[in-house]
Amino acid sequence: MATTGKVLSEKFYTAMKKLEPRYPNKKALILPALHEAQKEHGWLSKETLEDVANYIGVHPAQIREVASFYTMYNLKPVGKMHLKICTNVACCLRGADELMEYAEKKLAIKCGETTPDGRFTLSEEECLGACTTAPAMMANDDYIENLDINSLSDFIEKNKGGQA
Amino acid sequence: MPKCTIDGKEVEFKPGENLITVAKRAGVDIPVFCYHPGLTVVAQCRMCYVEVEKMPKLQTACSTNAAEGMVVKTNSENVKKGRAGTMEFLLLNHPLDCPICDKSGECDLQDNSYGHGSAYMRHSEERRTYVDVDMGPVIEKNMNRCIHCTRCIRFGDEIAGIREMVAVKRGNNVDITTIDGEALKTEYAGNYADICPTGSLTLRDFRFRKRAWMLKKTASICEGCSKGCNIELQHEGNVVYRTIPRENLEVNKYWMCDEGRFNYHYTQDETRVLEPRWNNEKTSWEDSILAVKTALEGKKVLFLVGTDLTLEEMSAIREFTGLYYPGSVLQHFGTPGIETSAQDQPADKILKMTSKTSNLRGAEKLGIVPHNPRVDHDFSAAVVFTGGRAVLPELGHAIQVGVGVFLDKDHQTAKYQHILPGLAYTEKDGTIINHQGKEQKLKRAILPRGRSKSTAEILMLLANKKTKVGVA
Amino acid sequence: MSVEANTPVTKLFEPHFWKDSNRKLEYYLDKMDGYKMAKKVLTEMTPDQVIDEVKKANLRGRGGAGFPMGMKWSFIPKVDKPKYLVINADESEPGTCKDRQIIRYTPHALIEGIIIGSHAIGCKHSYIYIRGEYAREAKLLQEAIDEAYAKGYLGQNILGTQNTLDITIHRGAGAYICGEETGLLNSLEGKRGEPRVKPPFPAVSGAFACPTAVNNVESVATVPFVMRMGGDNFAKLGKIDKSGGTRLISLSGHVNKPGVYEIGAGSMTLRQIIEDLGGGVWKGRKLKAVVPGGSSAPVLSADEIDVVYDVEPLQKVGTMMGSAAIMVCDDTTDMVKLLLRVTKFYAHESCGQCTPCREGCQWMESILHRIVHHPHDGKAKPSDIDMLTDIAGNIGGKTLCALGDAAAGPVISFIKKFRPEFEAYVRGDVKERVRHA
């Protein structure tokens, strides 16, 4: 049995092997598999989706339809640091729009774009569930809460140069 | 049987039947888009609203099963408003291209819009548009026309057994497509066009050839294999334009395969022999019949019937050979390797059978035995009757006579000294017996083409004693 | 009307918030009598006794629908099939962030609740469906689960009994609709998170076509407290019929002290919550509007907040408690822009299955966008306002799941209560327009 696919490493297959006994069928592993696969390159290429399809044992179209339903699966490459600013009601009431405008200016990109150096991607996010500490944003897997222009500026500066 | 009331009429129902089915029995048509009796119920299109007593909200008839004593209204003001709302939503992004759309005239969206929608439009925003992908030779996709009913997705998943048509993205941006525009792989792709309630998925084979409302319709049976799928031949001006499946829950349910769907093309092929031939030259029926009789005179003749012929044709041939050619032998041919009904098995999990002709059971019923090439050399002449679908046997006889449908492009016609052109399945009535032993009727959709004649007529000409033999 | 607040309110969760070490097993065992009830339930109580106790407690679902939890569990048929207890930790109704607090600070209450609930319905494998964005929270929760496994509270022969129970965390990946229980189940099964047609209801055919109870995090984490206090005593924490225990409230927006607060169910009015807990409207401004139960709840104007904050009283004034998320808007808030933001959210999160929601939410967003961004060039028309209400009426109550209602409610209520602001926009008269904050 192959332990690696076209693009997915052994790490993926080892991680999945551990999860298999926790579900009554393999299809239920599609979401965990996509999360795991995305860890490898930060996004899900056509080849990655095919590897996942082969692993699960379904037509690649079925993986594509699932992956494209959820906003957290990146079907296009994203920057090293993915900033997702929540602009939903609670954050919007406390100034998220200004933060978004500021971030666009500071990074010199529009929301939805990636900086030319590939360091930052900026997105608008729906409610993050951090409403009592609004405004909030996600920076990769981390939440940054009680955000204001100063702390946003500091965060971007800090992550501009060195490792994200 | 339990009863419920629909629009004041009391109707009986079987437990588990939904309100669409029960209403139909009461003579009430409930408009639908996503509902299809052969597919799972998803209640997505929100067109089949009905009002059920004691339920505050409108219910979708497709997902509501009838219950004892249930009182249903399908025509209340509330229902009308609900349906009009759905129609408006469906048309927001639907292009106004009916004049150039092939579905026009047989389009559920058009019909329901006329019946339940408004003549005015409030929507003034820009319409949603998509870039279309090539889905291969069978289906033409126009996503702008799609109303997201997902019948196609469910057909692929539940009937064709391949989830190649999927919904990607979500919400207002849902695109129904194959992955990266791959060609459809299923051999049942034509059904996608049949079940699509709009002109989003149309048949490339039929596009721009005829407007739907001009077509005449004849209920018949597919001759593509021994399944005997019920079909409708659609034609106009003595030309067949399309085959679509006809519902028969015992045979093909609602579906048919692409092979059967496009099978009719050979009957209209420009290389089809439509005049009698004698040594590859056109000739008259008179000369031809005389020449055949002369050639067979006093010969031990091998008669072969294709299992693509009707029961009536085979029976007439059997009678004819017994009466006029005693000592001759009658055998059948059709699909190489499938000589008996025991060998005829399902070719896939859907509809197709391994016998590629329709009436193997008919030949067996008449006691006709399979062609045995080992006895071929006992005969100095062979007469081959074919409907055009059966695979012609390789014969080495000095004299070969072909009766039926022959195509020059099959490179077989030159081997026959005589060809007497007969009728294709679209041009005749008759009975065929399918793999279940069910007798079903072919119906003539169009008149004989060229100078071709029915098998019965040809046999009568051959039998006519007045046609003198030997006088040149 | 105001509610007497003289009886001291017992708080179950709040005292344990905000200290990282509180999430550890030792803390739960020492300070919260942890896992004693799980042991008692497994060794001394039948499933029906557990369900009866929860029924007595008047414990309503904390996810949004407010359905009595004991009743929900009693619907699970005693058939020879696997049964699943699925925890809804999708917490995605805008304004809501209470379950996150439980996961971060009292995860073992949730785990103990799952052990008790699993015994009640006969579940051997429970799934926690946690929203994808809560990546850190999922990690913390996994650490707590690992602690429980290490102690023998989970796995085989749990707590020294014959019972087996596994818990698996299943991460979502960014879709509001997966908070809807059947959308959640589809997502758990590896599908698009599209809600299912009901019936069949999850109790009959849920996860993997087996009987399933889907319960909110707070609901389940509350169960150990029910067992500790006894159903009757727990019910008394609630100051209103039908609602027992306490409620975690997420208070956000224009208040001085936003936060997650715990109150006895129905023990305070909306005004008391905003003023006493939230410290009043910020920056000394006046109150303009309150969204009382997550963004799906119809908005209340400033003069409607003397209402007891619980399910039925809010229903009576035409809105809902939902997930108990209160968003406060001060008098500088542009209600038209705010409605555009709310509507954009529902259009973005519509799964796209059913017609009114897929087409209608986007349409409403487009119209509101036109009104907000083109007030001066004649693109917004006075007729747009009534048209919006009419469209919302064609969505609400007409869809497969509740998202349609959620999208329609705000449109109808915002226009009804703040119509002059909409009229000002379509007249092109928006000089007084102010930004948020």
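Every value quoted in this text rests on a predicted model; they were computed, and no experiment measured them. (Residues numbered from 1 in each chain as written. Chains lettered and ligands numbered in written order. Predicted model: local features only at pLDDT ≥ 70, side-chain atom pairs only at ≥ 80, totals over all residues. Heavy atoms only, no water.)

1. A word on the overall build of chain B
From N to C terminus, chain B includes 10 helices and 22 strands. For chain B, the spread of C-alpha atoms along the principal axes amounts to about 90 × 50 × 35 Å. Out of the 472 residues in chain B, the part that is buried amounts to 58%. The contacts of chain B with a sequence gap of at least 6 include a subset with a gap of at least 24, amounting to 65%. Summed over all atoms, the accessible surface of chain B reaches about 20200 Å², with 52% contributed by carbon and sulfur. (Helix = DSSP H or I, 4+ residues; strand = E, 2+ residues; numbered from the N terminus. Buried < 20%, exposed > 50% of the residue type's maximum accessible area, 1.4 Å probe, protein only. Contact = heavy atoms within 4.5 Å. Areas by Shrake-Rupley, 256 points an atom, 1.4 Å probe, with all protein chains shown as cover.)

2. Some words on the nonpolar core
Ranked by size, the top nonpolar core spans 192 residues in total, and within it A:L34, A:Y70, C:W73 and C:I115 carry the most contacts. It is helix α13 (residues 335-349) of chain C that contributes the most residues to this core, nine residues altogether. Every residue in contact with A:L34, bar those within four places of it in the chain, is listed here: A:L44, A:L49, A:V52, A:I63, A:V66, A:A67 and A:Y73. Within the second largest apolar cluster, 50 residues are counted, among which are B:M143, B:I159, B:L351 and B:A445. (Core = buried A, V, L, I, M, F, W, Y, C linked by side-chain atoms within 4.5 Å.)

3. Concerning the sheet that holds strand β6 (residues 259-264) of chain C
Residues and elements named next belong to chain C. Here we have five strands laid out as an open sheet, ordered β6-β5-β9-β7-β8, and mixed in their pairing. Each edge of the sheet is formed by a strand with only one pairing partner; in this case those strands are β6 and β8 (300-301). As paired elements, strand β7 (residues 287-291) and β8 share two bridges and run antiparallel to each other. Counterpart to V290 in the pairing with β8 is L300. (Pairing = 2+ DSSP bridges.)

4. A word on the domain arrangement of chain B
Domains assigned within chain B are domain 1 (3-75) and domain 2 (277-463). With centres defined by C-alpha atoms, the gap from domain 1 of chain B to domain 2 of chain B works out at 51 Å. (Domains from an automatic or database assignment.)

5. Topic: the side chain of C:S126
Residue and element names in this part refer to chain C. Its place among the elements puts S126 in strand β2 (residues 123-130). For S126, a relative accessible area of 0% puts it in the buried group. Not counting residues within four places of it along the chain, the set of residues in contact with S126 comprises L85, I87, I114, S118, L165, D166, I167 and T168.

6. Examining α13(C)
All names here are of chain C. Its 15 residues place the ends of α13 21 Å apart at the C-alpha level, agreeing with the 21 Å of an ideal helix rising 1.5 Å per residue. Judged by how many residues are buried, α13 sits mostly within the fold: 13 of 15 residues are covered. Sitting at the head of α13, D334 places a side-chain oxygen 3.0 Å from the backbone nitrogen of V336. (Expected span 1.5 Å × (residues − 1). Polar contact = N/O pair within 3.5 Å; in protein donor to acceptor, adjacent residues only side chain to side chain.)

7. Some points on the pattern of salt bridges
All names here are of chain B. One pass over the structure, following the stated rule, counts 76 salt bridges over all chains. A salt bridge links R451 to E275; the shortest N-O distance between them is 2.6 Å. Here E275 lies in the loop between α6 (258-262) and β13 (277-278) and R451 lies in the loop between β22 (439-442) and α10 (455-463), a separation of 176 residues in the sequence. Using a relative accessible area of 36% as the deciding quantity, one classes R451 as partly exposed. With relative accessibility at 24%, the residue E275 sits in the partly exposed group. Each of E187, E259, K352, K356 and R389 takes part in one network of salt bridges that share partners. (Salt bridge = Lys/Arg side-chain N within 4 Å of Asp/Glu carboxyl O.)

8. Topic: the packing of aromatic side chains
Under the defined criterion, the tally for this structure stands at 28 aromatic pairs over all chains. A centroid spacing of 5.7 Å and a plane angle of 80 degrees characterise the contact between A:F12 and A:Y55, whose relative ring orientation is edge-to-face. One end of the pair, A:F12, is in helix α1 (residues 10-19); the other, A:Y55, is in helix α3 (residues 46-56), with 43 residues separating them in the sequence. No difference in accessibility class separates A:F12 from A:Y55, as the two residues are buried. Aromatic pair B:F155 and B:W255: ring centres 4.9 Å apart, planes at 55 degrees, arrangement tilted. Taken together, the residues B:F155 in helix α4 (residues 151-160) and B:W255 in the loop between β12 (239-245) and α6 connect sequence positions 100 residues apart. Exposure remark for B:W255: the relative accessible area of 4% places this residue in the buried category. (Phe/Tyr/Trp six-rings, centres within 6.5 Å; stacked < 30°, edge-to-face > 60°.)

9. Details of a nonpolar patch on the surface
Residue and element names in this part refer to chain C. A surface patch of nonpolar side chains, about 280 Å² in accessible area, is lined by F67, M71 and F75. Within the secondary structure, M71 is located in helix α4 (residues 69-74). By relative accessible area, which is 36% here, M71 ends up partly exposed. (Patch = residues over 30% accessible without salt bridge, like charges linked within 9 Å, V, L, I, M, F, W, Y side chains within 5 Å.)

10. A short note on the interface of chain C and chain A
Chain C puts 67 residues into the contact, and the matching count from chain A is 44 residues. For the pair chain C and chain A, the number of links is five salt bridges. Measuring nitrogen to oxygen at the nearest pair gives 2.8 Å for the salt bridge that ties C:K344 to A:E124. For the interface between chain C and chain A, the tally reads 24 residue pairs in polar contact (both at pLDDT 80 or more). When residues in the side of chain C that touches chain A are grouped by element, the largest group, eight residues, is from α13(C). Residues of the side of chain C that touches chain A, tallied by class, amount to 29 nonpolar, 21 polar and 17 charged. (Nonpolar A, V, L, I, M, F, W, Y, C, P; charged D, E, K, R; others polar.)

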